[in-house]
Amino acid sequence: MGASPRTLTPSERAWLDVRAYLRSHRTTLDAAAAASYPDISRVAGTPLLTRLEWIPPAPLPLDDITLEWSADDSAAAAPARSSVLPVRTSDQPYETYAEVVGEIAAPAVFENRPTYRLLHAELASDTPVLGFGTGRYFDSVNVGEAAAHEFTAAHLGHTVADGIRAAIIDPCDPRQRPTNLAISTLTIRRDAAADARSFLLHWRDPRKVGHAGGMYQVVPVGIFQPSGYAGWNVDNDFSLWRNMVREFAEELCGVSEDHGSDLAPIDYEAWEFAARLEQARRDGALTVYCLGLGVDPLSFATDLLTAVVIDAATFDELFTTATVNNAEGRILELQPFTHEQVHRIIDEHPMQAAGIAALRLAITQLG
């Protein structure tokens, strides 16, 4: 028999109560947090914060974006200590927000995996570029999730001392905080014969994910990161498209994140699924666009908004084994990609700001 769970301290129980409120009132809190940044631009009238240079004037072919690498780690540290960390029974304080999550609120998967940390971005020029350095997944937890918790506690009327949120004046400045990048992809099935399009949505199960549990989101979504801990993955996986391929395989086909990259770099040309996707790109049956970049005003989650348009025959061939339930939640049935349905989904479902922004940009520019 396993050990009995220990008794939580009053501050740990209070911390869990605030986190539960954060999860169940995410949409309202997003809007309130966005209002606290009146001078920062928004994406497509959503709460998602952005900069003018982050939104291309038209859908940008993904291959047009140059990726730059820097070993500079000068901005890797958290800007301050969170003011909402509880204490254990021994009165010993937690040191980081990730430490609290891991000890009393861990989701099914919670690992401090290596990431590509965003350093700078320019997507509106003739030479779009994204610059990266090294990062860790817990960077976003210790900064962004802590900042969201601080805001929520203050929203509930708790006394909150200045902490991480107060130290970050501009969430859209990667120099002020370690910034992991998620690639949020809207997947659109294009049926030319029926002159119709449809898209997928994902419900994120709070028991399985550490971020935005209980929310709806476009699919697939994944942190831009190497596929594993081995050093050879850093160069081999430094590709937006390869990251998206792995997320398509995981979220729509139920394939494990483990592609053997702990033993050798992934051979994307020999991997049948990746090769089929690449062939579809070359044949014009699949097109990939970047729509922009934005920051969640509550959690500071930073998302590259993308859209993949796939011909019906290719979609059905690639995703015939797509699972309804996956490692992070549940995939909804295909939804009509029409202005009416997109707006209905946004109005009736609790969605992450990035998902709303991706849908609004896509229905306007690609619909």
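Note that this is a predicted model, so its numbers are computed, not measured.

**Comments concerning helix 2 (residues 26-35)**
Three or four residues apart is the spacing at which side chains of an α-helix point the same way, because the helix has 3.6 residues per turn.
1) Next: Residues of helix 2 that are buried include every one of R26, L29, D30, A33 and A34, and no others. Angular distribution of buried residues about the axis of helix 2 spans 135 degrees; they occupy a single face of the element. Opposite the buried face of helix 2, at more than 90 degrees from it, the exposed residues are T28 and A35.
2) Next: Residues of helix 2 that are buried in the fold lie against helix 1 (10-24), strand 1 (41-42), helix 4 (137-155), helix 5 (164-167) and helix 11 (353-365).

**Some words on the pairing of strand 13 (residues 302-311)**
1) Next: With respect to burial, strand 13 is a largely interior element, nine of its ten residues being buried.
2) Next: Bridging between strand 7 (residues 181-191) and strand 13 involves ten bridges; their strand directions are parallel. Within strand 13, the position partnered with L181 by the bridge is T302.
3) Next: Here nine bridges tie strand 12 (residues 286-295) to strand 13, and the two strands are oriented antiparallel to one another. Bridging from a neighbouring strand, G294 pairs with D303 of strand 13.

**Points about the layout of surface pockets**
1) Next: Of the pockets and cavities examined, the second largest pocket occupies roughly 210 Å³.
2) Next: For the second largest pocket, the full set of lining residues is S239, W241, R242, V245, Y268, E269, A274, A275, E278 and R282.
3) Next: Per element, the largest residue contribution to the lining of the second largest pocket is four residues, and it comes from helix 8 (residues 272-283).
4) Next: For the lining of the second largest pocket, the residue count by class is five nonpolar, one polar and four charged.

The rules behind these values
Each chain carries its own residue numbering, running from 1 in the written order of its sequence. Local features in this predicted model are restricted to residues of pLDDT 70 or higher, and side-chain atom pairs are both shown and tallied only at a pLDDT of 80 or more, whereas totals for entire chains, interfaces and linings draw on every residue. Hydrogens and waters are ignored; side-chain quantities use all the structure's heavy atoms. Exposure categories follow from relative accessible area, calculated using a 1.4 Å probe and restricted to protein chains: below 20% of the type maximum is buried, above 50% is exposed, and the middle band is partly exposed. Counting from the N terminus, the helices are DSSP H or I runs at least four residues long and the strands are E runs at least two residues long. Of all possible arcs, the one meant is that of the directions from the helix axis to the C-beta atoms. Contact criterion: two residues are considered in contact whenever any of their non-hydrogen atoms come within 4.5 Å of each other. Strands are labelled as partners when DSSP assigns at least two bridges between them. Of the grid points, spaced at 1 Å and generated over the protein atoms alone, those admitting a 1.4 Å probe that cannot get out make up cavities, while open sets with protein on both sides within 12 Å along at least five of seven lines make up pockets; any residue with an atom within 4 Å of a point is treated as lining. Grid points are joined across faces, edges and corners, and a volume is the space filled by probe spheres set on the points. We call Asp, Glu, Lys and Arg charged. Ala, Val, Leu, Ile, Met, Phe, Trp, Tyr, Cys and Pro are nonpolar, and the rest, Gly among them, are polar.

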